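Examining the three-dimensional arrangement
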Amino acid sequence: MRSIITTVSWRMAAEYRRPLVAMACMLLWHAAGVGSMPDPKTREALIQEEASRQTGGQMVLTDSEKLLDARLSKMKQEELARAQFPPSMHFFQARPLICSSPVFRLLQKMPKGGALHVHDLAMGDPAWLVKNVTYRPNCYMCVTDKLSVRFIFSSGQPKPTPECSWMLLANLRSKLSNVTELDHSILANLTLFTDGDPAARYPSQDVVWEKFEQAFMAVTGLITYAPVFRDYYYHGLKQFHTDNVMYVEVRALLPQTYELDGSTHDSAWALTTYGDVTRDFIADHPDFFGSRFIFVVHRGTNASAVRGVVEVAMKLHRDFPDLMVGFDLVGREDQGKPLWYFREALSLPAERGVTLPYFFHAGETNLEGSDVDQNLLDALLFNTSRIGHGFALTRHPLARDLSMKRGVAVEVCPISNQVLKLVEDLRNHPAAALMAQNHPMVISSDDPAMLGSSGLSYDFYEAFVGFGGKRSHVGTLKQLAINSIVYSSLGPEMQSKALDAWQRKWDKFVAENAFRKRCCSDNNIFAH
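Now for a look at the structure at hand. (Residues numbered from 1 in each chain as written. Predicted model: local features only at pLDDT ≥ 70, side-chain atom pairs only at ≥ 80, totals over all residues. Heavy atoms only, no water.)

**Remarks on the sheet that holds strand β13 (residues 441-443)**
Reading across from one edge, β10-β11-β12-β13 is the order of the four strands in this open sheet, with parallel pairing throughout. Bordering the open sheet on either side are β10 (361-362) and β13, each of which pairs with just one other strand. Summarising the sheet, β10 and strand β11 (residues 386-389) pair through two bridges and their orientation is parallel. Residue pairing for β11: A362 is matched across the bridge by H389. (Pairing = 2+ DSSP bridges. Helix = DSSP H or I, 4+ residues; strand = E, 2+ residues; numbered from the N terminus.)

Right, here's the structure in full:
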């Protein structure tokens, strides 16, 4: 535990050391003389000082960690020299290259701590929904005017709606000689991933967001069926646990769920079910630390309706304090209402003397100067605990400085930002600048089911190899994993337990991978 405490508390000491170190460097610089040849020692001191300021730059590595770092550094140098460099490519095209990467294979084995920005309806593998859920009895499907699909489970023929004329999937499949094409078609409606050219398939943010929202509507009828609701969440936890993630904080709609007879359950039932399934999962996987939930509402909702949802959120937080830990607004930021529009609803807890932590999506935009571009400052005004995405943060120096001083971490989701067309080349992601400044940061995967990824390893790869560049190292990875616990909603005692559990996993990971001899290619070493 001592190493953990040292790791976590270095920031406070660094705040006192850095002005002194920087002053010493400046004195050396001026002592060199104006116009004279720069002193190599001064140059090296400046380089070391700058390196110490990046994420993980103050991390003191053990001998074993240094060996792992040397091995990982060599692997990454080879990665950077590849003719096709995955972070420079769209993830859909880069995924096969990433899967074959020795760096990625190593990151899959790494204990990554927690995933703090994940959405409830996009946690699990969409292929599981097709192969498992749509083959269950009483599953009906329709095709909408927008050529998307909708689903419902019903004990009898559902009533048609203006949007849907329902077909029993079992009957439809029985009439086909080969159901593979149908299943592939269904799968294509549940995810953004495409084998074709993603730039041609999604030429603009409007197009990709339309498909994104249609995919969410498509999966909703499947996942909100009560038996599937339980199974899908368990399946989602398994996806993360398999990827060596020990803790998850889920942005949850807590939707109305339904039974086969049409009866429904409310948000309290959904939250209770999440708690029950989490306990079952921990019983089956004792090394999993747990889950917590951040209640969300779509930012397209009107102010009075959001006020009602905040009322529900306060009650749920009071009734389930260790399970429902906060509130957020979700949906496309550029098209939704700004946080300031909801100021009366968001002020309600404070007015009543009630604590309701906020975890706002903010700065998921590249439209500088728009109303929603002010969401970063407004999120900080409302004392947000973390910032979801924060893609625009580097364009807001005051918000960046405030979040840095307050210890408000940015939840960086590299693949989501690229697929939703905020950035093309992940080497140019704004988080590169934040990482260079050791801004509080965690890496997460947002909607892995929609994006063709799973767990956290793909996003860790893009962060470590992409915007981490040549400078990121084992200390960077270690700091990011620790950050995911330090900046979680867990209280001090639970954080301490989680850090202890993570440290044991980390030490085992280092011991198993630092000393491995390169007797053959790393591609063969890590191949399944």
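**Focus: helix α23 (residues 492-514)**
Taking 1.5 Å of rise per residue, the 23 residues of α23 would be expected to cover 33 Å, and the 31 Å separating its terminal C-alpha atoms lies within 8% of that figure. The set of residues buried in α23 consists of Q495, A498, L499, A501, W502, Q503, W506, F509, V510, N513 and A514. (Expected span 1.5 Å × (residues − 1). Buried < 20%, exposed > 50% of the residue type's maximum accessible area, 1.4 Å probe, protein only.)

**Comments concerning the packing of helix α4 (residues 91-99) against helix α21 (residues 457-467)**
Axis separation between α4 and α21 bottoms out at 12 Å; the angle between their running directions is 95°. By the angle between their directions, the pair α4 and α21 is classed as roughly perpendicular. Facing α4, whose interface residues are F91, R95, I98 and C99, α21 presents Y458, Y461 and E462. Counted by class, the contact of α4 with α21 contains five nonpolar, no polar and two charged residues. (Axes fitted to C-alpha atoms, helices over the stretch in contact; angles between N-to-C directions. Parallel < 35°, antiparallel > 145°, perpendicular 65-115°, else oblique. Contact = heavy atoms within 4.5 Å. Nonpolar A, V, L, I, M, F, W, Y, C, P; charged D, E, K, R; others polar.)

**Digging into unusual backbone geometry**
Of note, K421 is a non-glycine position whose phi angle comes to about 70°, a positive value. Of the residues examined, K421 reaches a relative accessible area of 29% and is grouped as partly exposed. Within the chain, N438 stands out as a residue other than glycine whose phi angle is a positive 55°. Classification of N438 as buried rests on a relative accessible area of 6%.

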